[in-house]
Amino acid sequence: APPDFSGTWNMVSNENFDRYMQSLGIDLITRNLAKLIKPQKIIEQSGDSFVIRTLSSLRNYRVQFTLGQEFDEDTKGLDNRKCKTLVTLDNGHLICVQKGEKKNRGWKHWINGDDLHLELSCEDQVCKQVYRRVQEAC
Ligand code: 1AG
């Protein structure tokens, strides 16, 4: 059965985020603030439909999509670019391609045990993040 990404996830590690942000043209002051924060992901999945919210003290970001349906993404509050974005599910991996000004841009999410993995790519940079599931009270 395909994984259910739904839940609340807290960042536990973040590798090469600075160079990923550099490849998106994020200024030094913003990068230095962004490096310090540990965002939370809140994912709501129902069938092929997803809402992913990335929450932090610095910025919040929300994206909503249906698997296999390209949409217009505006990375408002991040690098403020427009992309034609497509997300598909391949062997348990959510694969996102963000077509636009930046080459080789996209991300991948997958689950391993209680960990949600995220690889963010832009040009020749790959940022690797891990989030851990927040257990809900019963
Ligand atoms: C995302 O995750 C959004 C994740 O698409 C944002 C990742 C990197 C941010 C890109 C550029 C940085 C620009 C400004 C820095 C300011 C804040 C950094 C903290 C960002 C929190 C919102 C992929 C997927 C679905 O989970 O969106």
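As shown above, the structure is provided for reference.
Undergrad: Even after reading the chapter, I still don't get the nonpolar core, so can you show me in this structure?
TA: Counting residues in hydrophobic clusters, the biggest one holds 27 residues, and the most contacted among them are Tyr-20, Ile-43, Phe-50, Phe-65, Val-87, Leu-94 and Trp-107. Among the elements of the structure, β1 (7-15), α1 (17-23), β3 (49-55), β4 (60-66), β7 (93-99), β9 (115-122) and β10 (125-133) are those that each provide at least two residues to this core. By residue number, the principal contributor to this core is β9, which donates 4 residues. When near neighbours in sequence (up to four residues on either side) are disregarded, Phe-50 contacts Phe-5, Ile-43, Glu-44, Gln-45, Val-63, Gln-64, Phe-65, Leu-67 and Leu-94.

Undergrad: In this structure, what is going on with the environment of Asp-27? I would like to understand it.
TA: Tracing the sequence through the fold places Asp-27 in the loop between α1 and α2 (28-36). A distance of 2.8 Å separates a polar atom in the side chain of Asp-27 from a polar atom in the side chain of Thr-30.

Undergrad: Explain the side chain of His-109 to me, please; I cannot follow it from the model alone.
TA: Tracing the backbone shows His-109 in strand β8 (residues 106-112). Polar side-chain contacts of His-109 include one of 3.1 Å to the backbone oxygen of His-117. Among residues more than four places away in sequence, those in contact with His-109 are Phe-5, Lys-41, Ile-52, Gly-92, His-93, Leu-94, Leu-116, His-117 and Leu-118.

Undergrad: Explain α2 here, please?
TA: Working note: α-helix, 3.6 residues per turn, so residues spaced by three or four point in the same direction. Within α2, burial applies to Thr-30, Arg-31 and Ala-34. One side of α2 carries all its buried residues, which in axial view fall inside an arc of 100°. α2 presents Leu-28, Ile-29 and Leu-36 as exposed residues on the side facing more than 90 degrees away from its buried surface. Where α2 is buried, its residues contact α1. At the N-terminal boundary of α2, the capping side chain belongs to Asp-27, with an oxygen 3.1 Å from the backbone nitrogen of Ile-29.

Undergrad: Explain the site of the ligand here, please?
TA: Close to the ligand lie 20 residues; Phe-17, Ile-26, Lys-41, Val-63 and His-109 are nearest. In the model, an oxygen atom of the ligand is placed 2.6 Å from a nitrogen or oxygen of the Lys-41 side chain. In this structure, His-109 approaches the ligand through a side-chain N or O atom, which is 2.8 Å from an oxygen atom. Within the complex, the protein chains bury 97% of what would otherwise be the 640 Å² of accessible surface of the ligand.

Undergrad: Sorry if this is basic, but what is going on with the pairing of β4 here?
TA: Two faces make up the sheet, and in a regular strand the side chains alternate between them. Only one face of β4 is buried, namely the one carrying Tyr-61, Val-63 and Phe-65, since none of Asn-60, Arg-62, Gln-64 and Thr-66 on the opposite face is buried. Here β3 folds back onto β4, and the loop between the two strands holds 4 residues.

Undergrad: Looking at this structure, how should I read the side chain of Thr-54?
TA: Tracing the backbone through its elements, the reader meets Thr-54 in strand β3. For Thr-54, a relative accessible area of 17% corresponds to the buried category. Separated by 2.8 Å, the side chains of Thr-54 and Lys-41 make a polar contact. Beyond its immediate stretch of four places on either side in the chain, Thr-54 contacts Pro-39, Gln-40, Lys-41, Arg-59, Asn-60 and Tyr-61.

Undergrad: How should the sheet that holds β8 be read in this particular structure?
TA: Pairing between the strands of a sheet is mediated by backbone hydrogen bonds and can be parallel or antiparallel. The sheet built from 10 strands is open, its strands ordered β4-β3-β2-β1-β10-β9-β8-β7-β6-β5 with antiparallel pairing. Strands at the two margins of the open sheet, each flanked by one partner only, are β4 and β5 (71-74). For this sheet, the mean angle separating the axes of adjacent strands, direction not counted, is 25°. As paired elements, β3 and β4 share 7 bridges and run antiparallel to each other. For Val-51, the partnering residue across the bridge sits in β4 and is Gln-64.

The rules behind these values
- Residues numbered from 1 in each chain as written.
- Predicted model: local features only at pLDDT ≥ 70, side-chain atom pairs only at ≥ 80, totals over all residues.
- Heavy atoms only, no water.
- Core = buried A, V, L, I, M, F, W, Y, C linked by side-chain atoms within 4.5 Å.
- Buried < 20%, exposed > 50% of the residue type's maximum accessible area, 1.4 Å probe, protein only.
- Helix = DSSP H or I, 4+ residues; strand = E, 2+ residues; numbered from the N terminus.
- Contact = heavy atoms within 4.5 Å.
- Polar contact = N/O pair within 3.5 Å; in protein donor to acceptor, adjacent residues only side chain to side chain.
- Arc of directions from axis to C-beta.
- Near = heavy atom within 4 Å.
- Areas by Shrake-Rupley, 256 points an atom, 1.4 Å probe, with all protein chains shown as cover.
- Pairing = 2+ DSSP bridges.
- Axes fitted to C-alpha atoms, helices over the stretch in contact; angles between N-to-C directions.

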